[in-house]
Every structure is written in C-alpha cells, then in structure tokens.
Amino acid sequence: MKKSVKVGRRQVLAGLSAVGLAAVPFVGRAQSPMVLKFSHVVAEKTPKGQAALKFRELVQARLGGKVDVQVFPNSTLFGDAKELEALLLGDVHFIAPSLSKFDRYTKKIQLFDLPFLFDDMAAVDRFQHSAAGQSLLDSIKARGLQGLAFWHNGLKQLSTNKDKLTRPEDVKGLKFRIQASDVLEAQFRAMGANPQKMAFAEVYQALQTGVVDGQENTWSNMYSQKFHEVQKTIAETNHGVIDYMVVTNLKWWGGLPPDVRKGLSEAMAEATEYGNKVAADFNARDKDLIAQAGKARIQSLTKDDIAAWRKVMEPVWKKFEGDIGRDLIDAALKSNA
Ligand code: LMR
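Residues numbered from 1 in each chain as written. Predicted model: local features only at pLDDT ≥ 70, side-chain atom pairs only at ≥ 80, totals over all residues. Heavy atoms only, no water.

Side note on unusual backbone geometry
As a rule of thumb, non-glycine residues mostly have phi less than zero, and peptide bonds are mostly trans rather than cis.
Working step 1: One non-glycine residue with positive phi stands out, namely N74, at about 55°.
Working step 2: Within the secondary structure, N74 is located in the loop between β4 (67-72) and α3 (83-89). (Helix = DSSP H or I, 4+ residues; strand = E, 2+ residues; numbered from the N terminus.)

In structure tokens, the structure reads:
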C-alpha cells in the first residue's frame with residue numbers, strides 16, 4: 001500500500017509496511033540522506049569496530065548524499081540483550097553479533113562454538129567461504145533476518161583471577177562469564193566450572209568486583225575492554241573462535257531501491273575483505289600490548305596441556321551434534337588443512 005506525503009513543494013511516495021524502516025528510503029530520496037544505523041558492542045580499535053567504520057566510509061564513497069551510515073560502538077545504541085530484537089523491530093539497520101549469540105534463531109550456527117573445531121583462523125576463513133558456510137547466511141531468513149557477511153575477530157583465550165592456569169583442574173569450581181550460548185554453557189560445565197551468561201558491556205565490572213572469576217575472549221576484546229587489568233592469568237588456549245555475522249532485517253533489505261542495495265552490498269563485501277585482513281594484526285598487536293602492560297601474566301601451554309583441555313571439552317560435541325547436523329560439522333572439519 002502506498003500513501004502520498006507532502007514534503008515541501010514535492011510530493012513523494014512513502015511506502016507503508018509493518019517494518020517502519022521500509023518507509024525511509026522513499027522519504028530519504030526526496031530530501032536529506034537516508035540515515036542507516038550500525039550498532040555493535042565492541043570498541044572502535046578492534047577488528048569489528050574498524051570494519052564497521054570502513055563500511056561507513058565505503059558507503060559514503062558510493063552512495064554519498066543518498067545514504068549516511070552512522071556507527072554506534074560499545075553498546076551505546078543497543079547491547080547484547082536488545083540488538084537482535086531492535087533489528088527485527090526496525091530500530092537499527094545493521095548489527096554484527098558474535099556467532100555465539102544466534103542460538104535462539106538457529107541451532108546451526110552453534111557449530112562455531114564447538115571447542116577446538118578449527119585449527120586456526122585460515123580454516124575458519126575457508127569454511128566461511130565454502131558453500132556450507134555461505135548457506136548459514138540464509139539460515140535465519142525464517143526468523144526475518146538476512147546474514148550479509150562473516151567478519152573475523154580471532155581465537156579465544158581463557159583468563160582468570162588466579163595465578164595457576166595451565167590445566168582444566170585449575171578452573172574447577174570457578175565462575176566464568178559466557179556469551180549467551182548453550183554450547184559455551186556446556187563447555188564450562190564439562191570443565192567443572194560455573195558459567196554465567198552475561199552481556200559484553202557488563203563483563204569488566206563483573207571481573208573487577210569478583211562476581212565472576214574469569215572469562216574467555218580474543219586478545220583484541222580483552223585489551224580494548226581492559227580485562228587484563230582485572231585478571232591475573234591469561235592462558236593461550238586458542239580453544240574456540242569469536243567471529244561475527246553482519247545481519248540486517250530481511251524485509252527492509254528486500255524493500256530497498258535496487259541501486260541502494262547494490263551500493264550497500266558492494267561496500268559490505270569490500271569492508272569485509274578489509275576487516276578480515278586486519279583482524280589477525282589487531283589480535284597480535286593487542287597480545288603484545290597486554291604483555292607490555294605487565295598486569296595479567298600470559299601463560300603459554302604445552303601440547304600436553306592443550307590435549308588435556310581438548311579432552312575435557314570433548315563431550316560437548318556429542319551433546320550438540322544432533323542440533324547442528326553431522327554434515328555441517330564434517331564440512332567445517334574439512335576446512336582444516
Ligand atoms: C563477547 O560478548 O564476549 C564478544 O562476543 C563481544 C564481541 O562482539 O566481540
């Protein structure tokens with residue numbers, strides 16, 4: 001249904017739809033640029049923070065005057081608890097939650113949380129580019145969401161407020177903050193620890209006040225949130241991955257004028273390439289900065305130590321294999337060189 005709206009001397013058509021945002025492109029063309037909001041929960045000096053800014057810059061170059069992307073970092077617009085809901089309600093246009101945060105929308109993406117699934121980030125990248133990986137971008141369509149790209153962060157490390165952190169027995173009985181993921185919950189239970197789901201924006205304070213003893217994250221997230229200042233030891237476990245899916249509202253995206261959608265898609269592809277190229281450098285740099293800061297100690301692990309962590313986390317695979325699907329797990333394993 002279309003409705004005629006007076007804007008100054010011009011008459012423009014405003015599309016009416018259940019998603020309020022669907023009206024934006026038509027009004028935007030007639031007067032000021034269409035303002036598109038990109039919300040995320042991390043700092044700007046991180047792989048995701050930089051990729052989002054690059055997207056903004058590339059959209060400006062392609063669609064300047066027509067479209068203006070505004071980026072809101074650090075949960076300033078929406079935090080973990082609200083961002084997916086806000087996207088469905090049309091209050092934000094792009095978000096990029098970690099792959100651990102989709103399990104209410106599809107069980108398939110839980111794949112990425114299986115401990116020690118990928119040998120390294122090159123394997124993660126190969127899988128995301130494969131047909132099986134790409135199919136996951138469409139796996140949340142039934143829920144009104146469209147995946148646009150995978151963005152890298154990196155491999156996870158484990159940190160605690162204790163001096164000793166080399167073997168699974170060192171975390172028995174400790175409380176850990178986890179992302180909202182049932183797989184991660186099972187992983188920490190398998191380790192004999194107590195997991196607590198918590199939004200990213202609350203982690204620093206929870207670590208500082210001892211509400212939790214530890215957490216798992218990438219070097220980049222730990223450094224940019226200063227977790228190393230409130231933790232004693234970070235063990236280099238590389239036991240899982242934190243990557244992202246950039247998502248948009250399927251209905252709104254489908255209703256965009258084709259030239260705008262094309263410009264946004266091209267900018268997204270280029271920003272993805274850029275962000276995924278710099279992610280490893282950011283994590284290497286932030287690991288060095290944590291070491292230089294001299295607050296948390298970085299614990300490197302032997303092959304035997306890693307084997308012990310791997311063994312204790314193994315039961316998690318069996319528990320989620322049915323939900324994720326054996327085919328998808330095998331496709332991911334094939335990406336390991
Ligand atoms: C976390 O919640 O620990 C991270 O996934 C945050 C992020 O977006 O990297």
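A look at the sheet that holds strand β7 (residues 157-160)
Working step 1: Strand order in the open sheet formed by six strands is β9-β8-β10-β7-β11-β13, and the pairing between neighbours is mixed. Edge positions in the open sheet fall to β9 (194-197) and β13 (297-299), since each of these has one partner strand only. Direction aside, the axes of adjacent strands within the sheet are offset by 25° on average. (Pairing = 2+ DSSP bridges. Axes fitted to C-alpha atoms, helices over the stretch in contact; angles between N-to-C directions.)

With respect to the packing of aromatic side chains
Working step 1: Scanning the entire structure with this criterion turns up 13 aromatic pairs.
Working step 2: Ring centres of F94 and W252 lie 5.8 Å apart, and the angle between their planes is 80°; this geometry places the pair in the edge-to-face category. Of this pair, F94 sits in strand β5 (residues 94-95) while W252 sits in helix α9 (residues 250-254); the two residues are 158 residues apart in sequence, bridging distant segments of the chain. Residue F94 shares its accessibility class with W252, and that shared class is buried.
Working step 3: An aromatic cluster is defined as three or more aromatic residues linked by ring pairs; in this entry it consists of F38, F55, F94, W151, W252 and W253.
Working step 4: Over the ring of Y274 we find K54, and its NZ or CZ is 4.6 Å from the ring centre. (Phe/Tyr/Trp six-rings, centres within 6.5 Å; stacked < 30°, edge-to-face > 60°. Buried < 20%, exposed > 50% of the residue type's maximum accessible area, 1.4 Å probe, protein only. Lys NZ or Arg CZ within 6 Å of the ring centre and 35° of its normal.)

Regarding the site of the ligand
Working step 1: In the region of the ligand, the neighbouring residues are V41, V42, K48, S98, K101, R177, Q179, F200, N217, N221, I242 and Y244.
Working step 2: Contacts to the ligand include K101, whose side-chain N or O atom sits 2.7 Å from an oxygen atom.
Working step 3: N221 is positioned with one of its side-chain polar atoms (N or O) 2.8 Å from an oxygen atom of the ligand.
Working step 4: Considering only residue class, the shell around the ligand consists of five nonpolar, four polar and three charged. (Near = heavy atom within 4 Å. Polar contact = N/O pair within 3.5 Å; in protein donor to acceptor, adjacent residues only side chain to side chain. Nonpolar A, V, L, I, M, F, W, Y, C, P; charged D, E, K, R; others polar.)

Topic: the nonpolar core
Within soluble globular proteins, side chains that are nonpolar generally end up buried alongside one another.
Working step 1: Formed by 42 residues in total, the largest nonpolar core has its most connected members in F38, F55, V67, W151 and L264.
Working step 2: In terms of nonpolar packing, the next biggest core, distinct from the first, is built from 37 residues, V92, I109, L114 and I324 among them. (Core = buried A, V, L, I, M, F, W, Y, C linked by side-chain atoms within 4.5 Å.)

Quick notes on the pairing of strand β8 (residues 175-178)
Working step 1: Bridge count for β8 against β9 is four bridges, and the pairing is parallel. Each residue of the ladder has a partner; that of F176, found in β9, is P195.
Working step 2: After leaving β8, the chain enters helix α6 (residues 182-190) and then returns to the sheet as β9, a path that is right-handed.
Working step 3: Looking at chain direction, β8 and strand β10 (residues 214-217) are connected through two bridges and run parallel. Bridging across to β10, R177 finds its partner in Q215. (Right-handed = clockwise from strand over helix to strand, strands pointing away.)

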